[in-house]
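# Inside the fold
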Amino acid sequence: MCQCASTTSTCHWMDAVTWVKAQSGCGREPPPRALKRNPATQYPAAGRGKHLGFAWGPGDILVFETHHQPKAAKGPGSPYIHEVRKDEDIYSPILRKLFNESHLILFVSVSKNYRSVIRACMEELQQVAVSSQDSEVASQYGDQVSILLAIELIWNLCEVLFIDAAPAGSLLLHLLDWVRLHKADVDEKTRDVLQSESPAEHPNYWDVVVCYVLQGSKMPFYNPSGTQTLTEFDVKWRHWHEEVDRCLQDNSFASSQHLETICKILAGDEDILLEHRELLSTWYHYMVTRLLYCHPTVKPTELHYYAQSCLTMFLETSAPEPLDNILLAAFEFDIHQVIKDCSIALNNWWFVAHLTDLLDHCNLLQSHNLHFGSNLREFLILEYASGLFTHHSLWQLAVDYFDHCPEFGRVYLELQIERVPLDTERKALKVLRICEQRQMSEQVRSICKIMAMRALRNNRLGSALSWSIRAKDAAFATLISERFLQDYCSKGTFSDLDLIDNLGPAMLLSDRLTFLGKYREFHKLYGEKRFTEAAKLLLSLMTAKIAPQSFWMTLLTDALPLLEQKDVIFSADQTYELMYCLEELTSSLNKTPGSDQTMQDEDIEVTKVELLRLALARNLAMAIVKEGTVEA
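One structure accompanies this document, and this report is about it. Since the structure is predicted, the reported quantities are computational estimates derived from the model, not experimental observations. In every chain, residue numbers begin from 1 and rise along the written sequence. pLDDT decides what is reported in this predicted model: residues at 70 or higher carry local features, side-chain atom pairs at 80 or more are listed and counted, and totals for whole chains, interfaces and linings draw on all residues regardless. Hydrogen atoms and water are omitted, and side-chain values are computed over all heavy atoms in the structure.

With that settled, consider the overall build of the protein. In terms of regular secondary structure, the protein is built from 30 helices and six strands. Buried, partly exposed and exposed residues are distinguished by accessible area as a fraction of the type maximum, computed with a 1.4 Å probe on protein chains only: under 20%, between the cut-offs, and over 50%, respectively. When burial is assessed residue by residue, the protein has 44% of its 632 residues classed as buried. In what follows, a contact means two residues having at least one pair of non-hydrogen atoms within 4.5 Å. A sequence separation of at least 24 residues applies to 65% of the contacts in the protein between residues at least 6 apart. Secondary structure follows DSSP: runs of H or I at least 4 residues long count as helices, runs of E at least 2 residues long count as strands, and numbering of each begins at the N terminus.

Here it is in structure tokens:
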């Protein structure tokens, strides 16, 4: 966490235990390994002596001025401040492959699958770094390669020690493979030597030979699947070791300094091994070589002693790096310390989340529960998934991770899903589908309301109505139905006919929506010349009070063509009902004070009423005659 004042910039890092506990609260501070300092940004207020505060958002920080009065500054303030961002790696296009391809491996105890994904990303990063013309971009990718190299190194060691749990004898074979995998420069030197005209005369010839000896090439190893027991192998190895010592004492190789050096390495001479620091390059390579030629049947419980002594001897006065401490904790079989140190040293949650999940499924983390209810595995997966949610596309992967967190996964998902920006209707549908699949009814309604309101603002009534129906929001559906009816009154036609024609049971959501659907049905019946059915439906809309009274004049006007038909459509009783509705409408209009209608509008309304009365009277007469004739 970085707090910036007018003249100073104070950085305070919480220790690992503190930040793990702090995650259970609302105002969480990100652990230091998750932060990346960006280039300085100018804040003029800082240079004017203003005190700045900040608040963490989903991915960035919000900096603002406060009313706090800072102490008198000793010098002019700097207007430049370094901003920090969490989970910066999720914005790397190549590292996104790591997140995309590894999320399906979750909960599958196949550690090599994870390492193959890491290796593939690392190789692609290396190619981009080499081919990039921009030195800054090349440096950035180079840093990411270094981080992935460290991640693979740690993961591979954890695979050997914790997952494979190799016993004494075969343990050293696994450790040698681990060292060889992460020291590829020997193969490069070998190619250079072999491609020369005279390999034996090449200046690096003996360095290559010694490198292969240090890596135990062509050395016999204990085979646990063979017929030889570990004790028998140990006896034979000791006989061989005595033979090497005898060759040294007899000066068998005194004529060749290089051969004598190799013989001393085979004898496990610590001084000679340390003289070849440059070829060993790391203390853990030195440790494995020392074990190979001094104690090949080492037990897992003895590793921590050799690791600590080799680290001290190899580094001498140099301070260990964070990677050294992580590897040392692994050799001490302190899984919790490995995870804690990785959380601090590495720059994202991916590694600790997936490694912890794997170890948990191997039943190696049962004792590590956090005080606020969730276990360590779930806590780290939740933090990793929360970081993914800040990315415009990776947020979809986070949903799968939340699904596999039984304690708090749903709560986190409900909180995070509301922060996903609904930029397009397609994205909104994706979010909606996720919520519907998980019966997150409150979030479904919220998304639908947001999209319905946005569509209404853009005058896309069909889309707005569709979203409001999906949200089961009766009030909003009523509002949009009113807009549809207003548009019909002004234009004389309906928009989005397909939607209205296929409302089905959804029209029952509100009375106004029911009226809209039924009114559209009336128009379809009329268009199909099913006049009797259309007349019956039109009358029922008014008598059942489904239609708003403000729309009665429109309905009565729609009845005029039916009243003017040669055949009698409305019966006498139906005509009386229409006359009653007309009189009720005109009386209510006369009682309404302060009407803002113009004289011309009033004349039009009066004309409509007169035409309706005339048509109703004529239809009533015809209906009475017809009905009387039928009865006679």
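Position of Gln127 relative to the elements: it lies in helix H4 (residues 111-131). Residue classification places Gln127 among the exposed positions, given a relative accessible area of 56%. Sequence spacing of Gln127 and Tyr141 is 14 residues, and the spatial spacing of their C-alpha atoms is 9.4 Å.

To continue, consider the nonpolar core. Put simply, a nonpolar core is a bunch of buried Ala, Val, Leu, Ile, Met, Phe, Trp, Tyr and Cys residues held in one set by side-chain atoms that sit within 4.5 Å of each other. Ranked by internal contacts, the top residues of the largest apolar core, which has 163 residues, are Trp283, Phe331, Phe351, Tyr519 and Leu555. Tallying contributions element by element places helix H5 (residues 135-163) first for this core, with 12 residues. Every residue in contact with Tyr519, bar those within four places of it in the chain, is listed here: Leu485, Tyr488, Phe494, Leu541, Phe551, Thr554, Leu555 and Asp558.

What follows covers the side chain of Asp473. Its location among the elements puts Asp473 in the loop between helix H23 (461-471) and helix H24 (474-491). Overall, Asp473 belongs to the buried group, its relative accessible area being 17%. Every residue in contact with Asp473, bar those within four places of it in the chain, is listed here: Lys449, Ser468 and Leu509.

Mapped onto the secondary structure, Arg520 falls in helix H26 (residues 511-527). The contacts of Arg520, once residues within four sequence positions are left out, are Phe494, Leu497, Ile500 and Asp501.

With phi around 55 degrees, Asn251 is a residue other than glycine that occupies positive phi space. Even without a glycine there, the phi angle at Gln439 is positive, about 55 degrees. For Gln439, the position within the fold is in the loop between helix H21 (425-437) and helix H22 (441-457). By relative accessible area, which is 61% here, Gln439 ends up exposed.

Another point: the pattern of salt bridges. Salt bridge, as applied in this entry: a Lys or Arg side-chain nitrogen positioned within 4 Å of an Asp or Glu carboxyl oxygen. Tallied over the entire structure, the rule returns 20 salt bridges. Between Lys449 and Asp473 there is a salt bridge, with the nearest N and O atoms lying 3.9 Å from each other. Taken together, the residues span a long stretch of sequence, with Lys449 in helix H22 and Asp473 in the loop between H23 and H24 at a distance of 24 residues. Taking the shortest distance from any N to any O, the salt bridge between Lys518 and Glu521 comes out at 3.5 Å. With Lys518 and Glu521 both in helix H26 and three residues apart, this pair spans about one turn of that helix. Judged by relative accessible area, Lys518 falls into the partly exposed class, the value being 28%. Taken together, the shared-partner salt bridges connect Glu528, Arg530 and Glu533 into one network.

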